[in-house]
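So the chains spell out like this:
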Amino acid sequence: MDFSSDTSAPAHPRVMEALARVNAGHQSSYGNDAVTAELRGLLARTLEIEDFDFWLCASGTASNALALSCFCPPTGAILCHAEAHIARDERGAPEFFSGGGKLQLLGGDGAQIEETELRDALARIDHGFVHETPAHVLSLTNLTESGTAYPAARIAHYAALAKEAGLTVHLDGARIANALVSMGASLADMSWRAGTDVLCLGLTKTGAMGCEIIVLFGEARTKFNELKARAKRSGHMPPKMRYLAAQAIALLTDGLWLDLARNANQRAQEVANLLCRRPGTELVHPVHGNEVFVRLDDETAGRLRDAGAVFYTWLDGSSRLVTSWQTGADTIDQLASVLD
Ligand SMILES: *Cc1c(COP(=O)(O)O)cnc(C)c1O
């Protein structure tokens, strides 16, 4: 019963098979290979658009920091939620990669930015006033860090407000598959159609060994050379890019990534339902994806720990239980028997 993280889960067998399949013969390096070219076509079909550029990275932190640094100058700011991964969990990578760009933290329930906070922050932007740091980017996360999902319409609404103020819109999609399944939205609806300029499309948590895709849409493509230059300088230009591309192909083919996310989401619902049957245990946030944040009573927490269940205690004292593509009915049965 390992509910520590979807990053603790193994890679999906089809990912490993794909790696073995491309592991033959010589291929051009740095993304000029046939596998990465094949991924481009598959991405175009998945995104329902041709007007994009992409880059592959092995970690979400690198892809966020690289993406943001192309749009936030050293003297600018990035608007994000106070709980955002870029603010809490990346050791200052966005600030470091942008050469000093500042994060401006906004509030809101379930790690979703409150509209009034966003409107206030946008209204305060004044590029002529030298003493404050004007925002250049709005960064949203879906699935959020609290396991809730923004509907595509809300992303579109926020993106429109941000663009009116001249900002670039970044979407941290480390768990985007979970958000898509939860909201019944397509990747296109959740990204470029909603006004996202730069998407960090995470696949590692979904089932890859290590593969994150930075996607630049439309106007943002003018930064593609800058992105590659920054990737090279920071050491995020994988020479044998084909192995990253192969992982993405395995997951995006026939919607496997969404099937895996659907399983993880369903298991999270089951975990939440079992826990909530215990008096004294309550959800801290609604469960939209594959993360359950609960306040456990002492007896329930004790039973789980004694049975060897693995999960983290969060900063607010709640417990976080994460499911993955691999969480099966057997794990849920085991959990049920511990709680009975
Ligand atoms: C996990 C995660 C990332 C990326 O983390 P890495 O460990 O660097 O791959 C980025 N954003 C969010 C919201 C995440 O949950």
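Residues numbered from 1 in each chain as written. Predicted model: local features only at pLDDT ≥ 70, side-chain atom pairs only at ≥ 80, totals over all residues. Heavy atoms only, no water.

### Side note on the domain arrangement of the protein
Each assigned domain of the protein is listed with its residue range as follows: domain 1 (11-255) and domain 2 (256-339). For domain 1 versus domain 2, the separation of C-alpha centres amounts to 27 Å. If you look at the interface, domain 1 gives 33 residues, while domain 2 gives 20 residues. At the boundary of domain 1 with domain 2, total buried surface from both sides reaches about 2,000 Å², with 61% on carbon and sulfur atoms. Its largest share of buried area at the contact with domain 2, domain 1 owes to N178, V181 and G255, together 24% of the area lost on that side. Inspection of the domain 1/domain 2 interface yields 1 salt bridge. Of the charged contacts, one joins R175 and E291 as a salt bridge, the two residues approaching to 3.4 Å between their closest N and O atoms. Taken together, the connections running from domain 1 to domain 2 amount to 13 residue pairs in polar contact (both at pLDDT 80 or more). Contributions of two or more residues to the side of domain 1 that touches domain 2 are made by α1 (13-22), α8 (176-183) and α11 (242-252). The element contributing the most residues to the side of domain 1 that touches domain 2 is α8, with 7 residues. (Domains from an automatic or database assignment. Contact = heavy atoms within 4.5 Å. Buried area = accessible area lost by both parts, 1.4 Å probe. Salt bridge = Lys/Arg side-chain N within 4 Å of Asp/Glu carboxyl O. Polar contact = N/O pair within 3.5 Å; in protein donor to acceptor, adjacent residues only side chain to side chain. Helix = DSSP H or I, 4+ residues; strand = E, 2+ residues; numbered from the N terminus.)

### As for α11
Of all 11 residues that make up α11, 10 are buried, and the element is covered over most of its length. Of the positions making up α11, those classed as buried are R242, L244, A245, A246, Q247, A248, I249, A250, L251 and L252. Tucked inside the fold, the buried residues of α11 contact α1, α2 (34-47), β1 (52-57), β7 (212-217) and α12 (256-276). At the C-terminal side of α11, D254 shows a positive phi close to 55°. (Buried < 20%, exposed > 50% of the residue type's maximum accessible area, 1.4 Å probe, protein only.)

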